[in-house]
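The residues making up each chain are set out below.
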Amino acid sequence: MRVLLVCVALCGACGTQVADSEEPADPLAYQLTLVFEPRPLDSVVDVTMRLDQPRSLLRELRLRNDVRISRMRGDGDLIREESLTRWLPPDDGGTLQWSVAVPHRRNGDGYDAWLGAEFGLFRAEDVVPRASSRALKGAYSDTTLRFRLPAGWSVVTQYQDTGTIRVDNPERRLDLPSGWIVMGELGVRREQIAGMRVAVAGPVNHSIRRLDTLALLNWTLPELARIVPQLPARLTIVSAGDPMWRGGLSAPKSLFLHADRPLISENATSTLLHEIMHMALGFDSEHDHDWIVEGLAEYYSLQLLARTGSISAARHAAAEQDLADWSRDATRLCGGQSTGPQTALAVGVFSRLDAEIRDSTSGEATLDDLTRGLIARGELVNLQILADIATGIIGHKPDALHSGQLPGCRNISPTPETQ
Ligand SMILES: [Zn+2]
């Protein structure tokens, strides 16, 4: 009986697949098939982008030029301009190909993109230049990604685990792959945590703490899910040792952490949780307001540890004091990419803002409400947006955001509709 049930289930699955492939294609969808073929000994990835379309839907792709890209060639017309290359494909589609020299040093230090004989670790954005499209009104891409790998290699991305990968971002008409990719002879551990399918992946023979990482995430991600209700369905963490850059970097639904980084540093901050916060917050800041995203990521990486009891209240207080001491080296909050002292200063601002929101609302609201407001706002944030949302919560402009508290920031006043 059990055998029979399994058979029925399997046949059911087959039937569904057949039905799917027989569905008529949307007349406004054009097929983009990307194939990444790494050549480890040359540190090069060959990329093929094939366009199939029933008629002229995609009319032009504008790809940003990148010094790492060479040998770009394609069907139709290829027009090179100073900062971008324009591809005008034939009406029924065609193929565009290029090669990418992957290795890239971060600030002359370790590599934030790497491909060598043993493994590759880079972002999809490193091998597919950012692009915009000109297409028939309403047309959109149906994008898939495949890999042609050396024998014995496997690959982990932010997308589904095996087979042909569907790249689908409902917010975009032109879908191109994004996020961290690791390839080689890999060790991968997967777990379902707080509704997220988490993968920790990296080359075998590198001292990657896969289960330590999953343990820390089992403690902290449920709390993160309470702060940020709409977490992505998947989180992919890629890691490797040298010659990678010794830090952490986030990308869409994925992040990189050097294998030697502790999961929690001696000062009780966590690079891993800091990068996860960037991924969960999902917004960026306008020029000169980098302190907002960096400060929130750092503030919440400590909060996640404190609220879950991963660090004691005393250690949390000591960590905040360490940051307050460090922040004295900051001469300003606004301006440029947030330095360590600037971010430490920002953590203090958010701590005071949280206390003020709690006081003003008799504990009804906290900084978490403000953070959810920023996430709902999305895309780019700045001090004005931060102040407007805070004002909406407590009914007046918070003292914590008065210009005297924010060195180097221009004075702002609440916009009329939130007053
Ligand atoms: Zn950061």
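Scoring rules and cut-offs
- Residues numbered from 1 in each chain as written.
- Predicted model: local features only at pLDDT ≥ 70, side-chain atom pairs only at ≥ 80, totals over all residues.
- Heavy atoms only, no water.
- Helix = DSSP H or I, 4+ residues; strand = E, 2+ residues; numbered from the N terminus.
- Buried < 20%, exposed > 50% of the residue type's maximum accessible area, 1.4 Å probe, protein only.
- Lys, Arg positive; Asp, Glu negative; His and termini not counted.
- Salt bridge = Lys/Arg side-chain N within 4 Å of Asp/Glu carboxyl O.
- Contact = heavy atoms within 4.5 Å.
- Expected span 1.5 Å × (residues − 1).
- Donors = N, O, S within 2.8 Å, 3.2 Å for Na, K, Ca; no water.
- Tetrahedral: all angles 85-135°; square planar, octahedral: opposite > 155°, others 65-115°.
- Core = buried A, V, L, I, M, F, W, Y, C linked by side-chain atoms within 4.5 Å.
- Domains from an automatic or database assignment.
- Buried area = accessible area lost by both parts, 1.4 Å probe.
- Pairing = 2+ DSSP bridges.
- Axes fitted to C-alpha atoms, helices over the stretch in contact; angles between N-to-C directions.

**Considering the side chain of Glu275**
Then step 1. Its location among the elements puts Glu275 in helix H4 (residues 271-281).
Then step 2. Look at Glu275: it is buried, it has no salt bridge, and the nearest opposite charge is Arg106 at 8.2 Å.
Then step 3. Aside from chain neighbours lying at most four places away, what touches Glu275 is Gly248, Leu249, Ser250 and Leu255.

**As for helix H6 (residues 313-327)**
Because an α-helix packs 3.6 residues into every turn, residues spaced three or four apart end up facing the same way.
Then step 1. The terminal C-alpha atoms of H6, which comprises 15 residues, lie 21 Å apart, in line with the 21 Å expected from a rise of 1.5 Å per residue.
Then step 2. As for H6, its buried residues are in contact with helix H5 (290-307) and helix H7 (340-360).

**Quick word on the coordination of the zinc ion**
Then step 1. Coordination sphere of the zinc ion, protein contribution only: His274 (NE2), His278 (NE2), Glu294 (OE) and Glu294 (OE), at 2.1 to 2.7 Å.
Then step 2. The coordination sphere of the zinc ion comprises four donor atoms, whose angles at the metal cover 52 to 139°; the geometry is irregular.
Then step 3. Positions of the donor residues of the zinc ion, expressed as sequence spacing, correspond to H-x3-H-x15-E. Taken together, the positions of His274 and His278, both in helix H4 and four residues apart, correspond to about one turn of that helix.
Then step 4. The class of His278 is buried, set by a relative accessible area of 17%.

**Brief notes about the pattern of salt bridges**
Then step 1. Across all of its chains, the model carries 22 salt bridges by this definition.
Then step 2. Two residues, Arg209 and Asp212, come together in a salt bridge whose shortest N-O distance is 3.6 Å.
Then step 3. Arg209 gets classed as partly exposed once you look at its relative accessible area, which sits at 49%.
Then step 4. Between Asp369 and Arg372 there is a salt bridge; the shortest N-O distance is 3.3 Å. Separated by three residues within a single helix, Asp369 and Arg372 lie in helix H8 (residues 367-377), roughly one turn from each other.
Then step 5. Salt bridges sharing partners connect three or more residues here, namely Glu60, Arg62, Glu81, Arg86 and Arg134.

**Structural notes on the nonpolar core**
Then step 1. By size, the foremost hydrophobic cluster in this structure holds 69 residues, and its most contacted members are Ile276 and Trp291.
Then step 2. Take this core: its biggest share by element is 10 residues, from H5.
Then step 3. For this core, the two domains that each supply at least three residues are domain 1 (29-263) and domain 2 (284-418).
Then step 4. Discounting chain neighbours no more than four positions away, the residues touching Trp291 are Leu296, Leu333, Cys334, Ser338, Ala346, Val349, Phe350, Leu383, Leu386, Leu406 and Cys409.

**Considerations on the domain arrangement of the chain**
Then step 1. If you check the domain split of the chain, you get domain 1 (29-263) and domain 2 (284-418).
Then step 2. Centre-to-centre separation of domain 1 and domain 2, based on C-alpha positions: 32 Å.
Then step 3. Contacts between the two partners involve nine residues from domain 1 and, on the opposite side, nine residues from domain 2.
Then step 4. Carbon and sulfur atoms make up 74% of the surface buried where domain 1 meets domain 2, a total of about 770 Å² over both sides.

**A look at the sheet that holds strand S6 (residues 84-88)**
What holds strands together in a sheet is hydrogen bonding between their backbones, with the strands either parallel or antiparallel.
Then step 1. Ordered in space as S5-S6-S3-S11, the four strands form an open sheet in which the pairing is antiparallel. With partners counted over all chains shown, the strands left at the sheet margins are strand S5 (77-80) and strand S11 (131-135), one partner each. Strand-to-strand, the axes of this sheet are offset by a mean angle of 15°, without reference to chain direction.
Then step 2. Strand direction decides the pairing type here: S5 and S6, joined by four bridges, are antiparallel. Directly across from Asp77, in S6, lies its bridge partner Leu88.

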